[in-house]
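Structural characterization, general
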Amino acid sequence: MNRPPQRREFTGNGAPPQQQPAPFLYDWAVGCRIHLTTTLDEEISGTLFAFDKLTNCLTLEEPGDEPGYVNFRVLKATFIREVVSAKPPTRPPVTRLPYVDLSKAFARDRYYREYAEDFPYSGP
């Protein structure tokens, strides 16, 4: 018999939120596939790409609009109401950043700046 997953408050080590170490360490979860709910009741799914202890922000990797592309979403940890599910990675997480071709990034930036100058936003 399959039971639906139980929802639990995301409190890390099981201690009440006021007793959590600051900042909370998410390093063990890098590479996990997670589904979470934000304080604005938005449900988000993705793979935990990184956690920055200094800013208390986590980065989720989400599928992009086209195959082979990904989107990254940065969330403040305090913005998370609960983690609905977390599945450990099936293989070790990739610890290197993907390659970024700066010449293409600057060319894309230049193109959209010129486009914005040619077609200024006129509002609703």
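A quick note: this is a predicted structure, and the numbers were derived from the prediction, not measured.

**So, the overall build of the protein chain**
Within the protein chain one finds one helix and six strands. Reading the protein chain from its N terminus to its C terminus gives the helix and strand order β-β-β-β-β-β-α. The buried share of the protein chain, taken over its 124 residues, is 22%. Considering only contacts in the protein chain between residues 6 or more positions apart, those separated by 24 or more positions represent 42%. In the form shown here, the protein chain has an accessible surface area of approximately 10100 Å², with 55% of it arising from carbon and sulfur atoms.

**Section: the nonpolar core**
Within the largest apolar cluster, 13 residues are counted, with the highest numbers of intra-cluster contacts made by L36, L58, L60 and L75. Among the elements of the structure, strand 2 (33-38), strand 3 (43-52), strand 4 (57-63) and strand 6 (80-87) are those that each provide at least two residues to this core. The biggest single contributor to this core is strand 3, with three residues. Apart from residues lying up to four places away in sequence, L58 is in contact with L48, A50, F51, R73, V74, L75 and I80.

**Structural notes on the packing of aromatic side chains**
Centre distance and the angle of the planes are the two values used to describe a pair of aromatic rings. In the structure shown here, the tally under the stated rule is four aromatic pairs. Taken together, a centroid distance of 6.5 Å and an interplanar angle of 25 degrees make the contact between Y111 and Y115 stacked. Residue Y111 and its partner Y115 are located together in helix 1 (residues 102-118), separated by four residues, close to a single helical turn. Centroid distance Y115 to F119: 5.0 Å. Interplanar angle 40 degrees. Geometry classified as tilted. Residue class for F119 comes out exposed when judged on its relative accessible area of 56%.

**As for the side chain of E62**
The topology assignment puts E62 in strand 4. Judged by relative accessible area, which is 13%, E62 ranks as buried. Side-chain polar atoms of E62 contact the side chain of R73, separated by 3.1 Å. Discounting residues that sit within four places of it in the chain, E62 has contacts with I44, S45, V70, N71 and R73.

What counts, and where the lines are drawn
Residues numbered from 1 in each chain as written. Predicted model: local features only at pLDDT ≥ 70, side-chain atom pairs only at ≥ 80, totals over all residues. Heavy atoms only, no water. Helix = DSSP H or I, 4+ residues; strand = E, 2+ residues; numbered from the N terminus. Buried < 20%, exposed > 50% of the residue type's maximum accessible area, 1.4 Å probe, protein only. Contact = heavy atoms within 4.5 Å. Areas by Shrake-Rupley, 256 points an atom, 1.4 Å probe, with all protein chains shown as cover. Core = buried A, V, L, I, M, F, W, Y, C linked by side-chain atoms within 4.5 Å. Phe/Tyr/Trp six-rings, centres within 6.5 Å; stacked < 30°, edge-to-face > 60°. Polar contact = N/O pair within 3.5 Å; in protein donor to acceptor, adjacent residues only side chain to side chain.

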